[in-house]
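Next come the chains, spelled out residue by residue.
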Amino acid sequence: MRAKHEAQKGYYTTIATKISHADKAKLVSIAEGFKMSFYELLQALLLALVRYFDAESLVTYDHNAMMNAFANTIFSLKGSFSPLSLTGHEKRNINRAILFVQQNPKQLPQLLAVSKAHDGNMKETYNFDTMLYEFLRSIDNEVLQTLCEEKASRGYFSLLQTLHDIVLERTPLHDQMADEIAEMFTDIRPITGEHINNEVFYRRNYESKRNGESCIIPTRRKTTLA
């Protein structure tokens, strides 16, 4: 192996960084999830970066989707720091957190945001918008700004309600009108038990739903051929 490295000296260079043992273990676990070695994972990430930012390279759909996710993380670190970095770790402190508070194991936990005030006291809030704002500001400020603009244009008071409506607007709704039309022309046999070639009635169900009464409309009488 050493002889091969000597023969290829000048062809390649080494890229290295230092991370903690705990973070290395996390990356190894991720590599195993993709059925890759740790080295293969690093090679794949570097290749994706090159294909994304190289002006003369074509980006595949898969790499483009992956790099969009990576780029969002990279850009969000501008003016911030990398939690994988070993430098400055002794100066770090937690000043805000979102807690999942649970009272009964059978019930869903409720969210609670806590933060540290300037006087050192701890504050708490149940406000969803406060949590959503700080969360998006940390991971994707561009999405946050777009969501704030959309909230203002709609005249809404809540970021979460704006996001809720945007998502549901893109969800196909069930065709309720088709169901109503089908119900309007459902055959209802009279209690006297006439046959199909005698009087048949059709009930308009939507009228009965509206005022509690049935609107019975007789149809043309059908006769039996001799």
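Look up: the structure comes first, before these words.
Anyway, here's the lowdown on the structure attached to this text.

Scoring rules and cut-offs
- Residues numbered from 1 in each chain as written.
- Predicted model: local features only at pLDDT ≥ 70, side-chain atom pairs only at ≥ 80, totals over all residues.
- Heavy atoms only, no water.
- Helix = DSSP H or I, 4+ residues; strand = E, 2+ residues; numbered from the N terminus.
- Buried < 20%, exposed > 50% of the residue type's maximum accessible area, 1.4 Å probe, protein only.
- Axes fitted to C-alpha atoms, helices over the stretch in contact; angles between N-to-C directions.
- Parallel < 35°, antiparallel > 145°, perpendicular 65-115°, else oblique.
- Contact = heavy atoms within 4.5 Å.
- Nonpolar A, V, L, I, M, F, W, Y, C, P; charged D, E, K, R; others polar.
- Salt bridge = Lys/Arg side-chain N within 4 Å of Asp/Glu carboxyl O.
- Pairing = 2+ DSSP bridges.

1. Points about unusual backbone geometry
As a rule of thumb, non-glycine residues mostly have phi less than zero, and peptide bonds are mostly trans rather than cis. The phi torsion at K35 lies on the positive side, around 60°, for a residue other than glycine. Within the secondary structure, K35 is located in the loop between α2 (21–33) and α3 (38–53). Judged by its relative accessible area of 79%, K35 falls in the exposed class.

2. Some remarks on the packing of helix α6 (residues 141–154) against helix α7 (residues 159–169)
Where α6 meets α7, the axes come as close as 9 Å, and the angle between the chain directions of the two elements is 90°. For the element pair α6 / α7, the angle class is roughly perpendicular. Across from L144, L147, C148, E150, K151 and R154 in α6, the residues of α7 making contact are L159, T162, L163, D165, I166 and E169. Tallied by class, the residues present in the contact of α6 with α7 amount to 6 nonpolar, 1 polar and 5 charged.

3. What about the pattern of salt bridges?
In the structure shown here, the tally under the stated rule is 4 salt bridges. In this structure, E134 engages R137 in a salt bridge whose closest nitrogen and oxygen atoms are separated by 3.2 Å. Residue E134 and its partner R137 are both found in helix α5 (residues 128–139); the two are separated by 3 residues, about one turn of the helix. Two residues, E150 and R154, come together in a salt bridge whose shortest N-O distance is 2.6 Å. Here R154 and E150 lie together in helix α6, a separation of 4 residues that amounts to about one turn. One network of salt bridges, with partners in common, ties together R96, E134 and R137.

4. Section: the sheet that holds strand β2 (residues 110–116)
Pairing within the open sheet is antiparallel, and its 3 strands lie in the order β1-β2-β3. Lying at the two open borders of the sheet, with one neighbouring strand each, are β1 (96–101) and β3 (122–125). Each neighbouring strand pair of the sheet contributes to a mean axis angle of 30°, computed without reference to strand direction. In this sheet, β2 lies alongside β1 in antiparallel orientation, the contact comprising 6 bridges. Paired with F100 across the two strands is L111, which belongs to β2. Against the sheet, α5 engages β1, β2 and β3, with an angle of about 65° to β2.

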